[in-house]
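Notes for the structure review
For reference, the chains in residue letters:
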Amino acid sequence: MDVDPVSEAMRLIDRRDFLPTAQRRHADEDRPLPLRAGSTNSQPRTVAAMLRLLQVRPGHRVLDVGAGSGWTSALLAQLVGPTGSVVGTELDPELARWAAGNVARYELPWASVRPALPGVLGDPEGAPYDRILVSAQARELPQALLDQLAPDGVLVIPVAGEMLRVAGRSLEITRHGAYRFVPLR
């Protein structure tokens, strides 16, 4: 029987390690948990669904927008392996520093989390990316992120309450249900 890479990554990267001490007792609950300043650690079922839509493979270069506690960045790093790379960006500088430390404890040197640059969405300097995961809700599909996508890349992003999977520069968009996220700023 084949092992589902997403399930295996979620088994190896413990959500508890990416939660504030007061929230760790809730780590096994399938719900978003508060981090700080309105940020949340996303519901595990939602994270798994997004990672499956993203179809991350070993060796991919991945951008994780809205990295939060670093949990998704670490999960992505587990999926891409040491031949890949993951760059997480987080708007809240203090949360980004904490997330970077969380990821570092897992000894995944091909993954990093850093504060987002003011007024810059994603990481245009590091583009193009094979995969882009966005864990915050956009009002509309952001052109800035589409511009950072490799020609055959995949972007998974909640837009106006709906999860979208955007494939390639041809912008083949599929819709995957209703979701709620903190706003993408």
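Scroll up a little and you will see the structure.
This text gives an overview of the structure that appears in the document.

Here is what the cut-offs are and how they apply
Residues numbered from 1 in each chain as written. Predicted model: local features only at pLDDT ≥ 70, side-chain atom pairs only at ≥ 80, totals over all residues. Heavy atoms only, no water. Helix = DSSP H or I, 4+ residues; strand = E, 2+ residues; numbered from the N terminus. Expected span 1.5 Å × (residues − 1). Contact = heavy atoms within 4.5 Å. Polar contact = N/O pair within 3.5 Å; in protein donor to acceptor, adjacent residues only side chain to side chain. Buried < 20%, exposed > 50% of the residue type's maximum accessible area, 1.4 Å probe, protein only. Salt bridge = Lys/Arg side-chain N within 4 Å of Asp/Glu carboxyl O. Pairing = 2+ DSSP bridges. Axes fitted to C-alpha atoms, helices over the stretch in contact; angles between N-to-C directions.

1. Concerning helix H4 (residues 93-104)
With 12 residues, H4 extends 16 Å between its outermost C-alpha atoms, agreeing within 8% with the 16 Å of an ideal straight helix rising 1.5 Å per residue. Considering only its buried residues, H4 is in contact with helix H3 (71-80), strand E4 (85-90) and strand E5 (111-115). Capping the start of H4 is the job of one residue whose side-chain oxygen sits 2.9 Å from the backbone nitrogen of Glu94: Asp92.

2. Quick look at helix H2 (residues 44-54)
Among the 11 residues of H2, 8 are classified as buried, and the element is accordingly described as predominantly covered. Every buried residue belonging to H2 is among Pro44, Thr46, Val47, Ala48, Met50, Leu51, Leu53 and Leu54, and all of these are buried. Taken together, the buried residues of H2 touch helix H1 (5-12), H3, strand E6 (129-134), strand E7 (149-159), strand E8 (162-167) and strand E9 (172-178).

3. Quick word on the pattern of salt bridges
A pair can form between side chains of opposite charge whenever their charged atoms are brought close. Applying the stated criterion to the full structure yields 8 salt bridges. A salt bridge links Arg16 to Asp14, with the shortest nitrogen-to-oxygen separation between them at 4.0 Å. Notably, a salt bridge pairs Arg114 with Asp123, separated by 2.7 Å at the nearest N-O pair. Through salt bridges with shared partners, a single ionic network connects Asp14, Arg16 and Asp28.

4. A look at the environment of Gln23
Position of Gln23 among the secondary structure elements: in the loop between H1 and strand E1 (33-34). The spatial distance from the C-alpha of Gln23 to the C-alpha of Arg97 is 19 Å, given a sequence separation of 74 residues. Leaving out residues up to four positions away in the same chain, Gln23 has contacts with Leu33 and Pro34.

5. Notes on the sheet that holds E9
The sheet built from 7 strands is open, its strands ordered E5-E4-E3-E6-E7-E8-E9 with mixed pairing. Every other strand in the sheet has two partners, leaving E5 and E9 as the edge strands with one partner each. For this sheet, the mean inter-axis angle between neighbouring strands, taken without regard to orientation, is 15°. One ladder, built from 5 bridges, connects E4 with E5; its direction is parallel. Among the inter-strand pairings, Val86 is bridged to a residue of E5, identified as Ala111. Strand contacts of H3: strand E3 (61-65), E4, E5 and E6, with the helix running at about 170° to E4, the strand carrying the most contacts.

Note that all results are geometric; they support no functional claim without further evidence.
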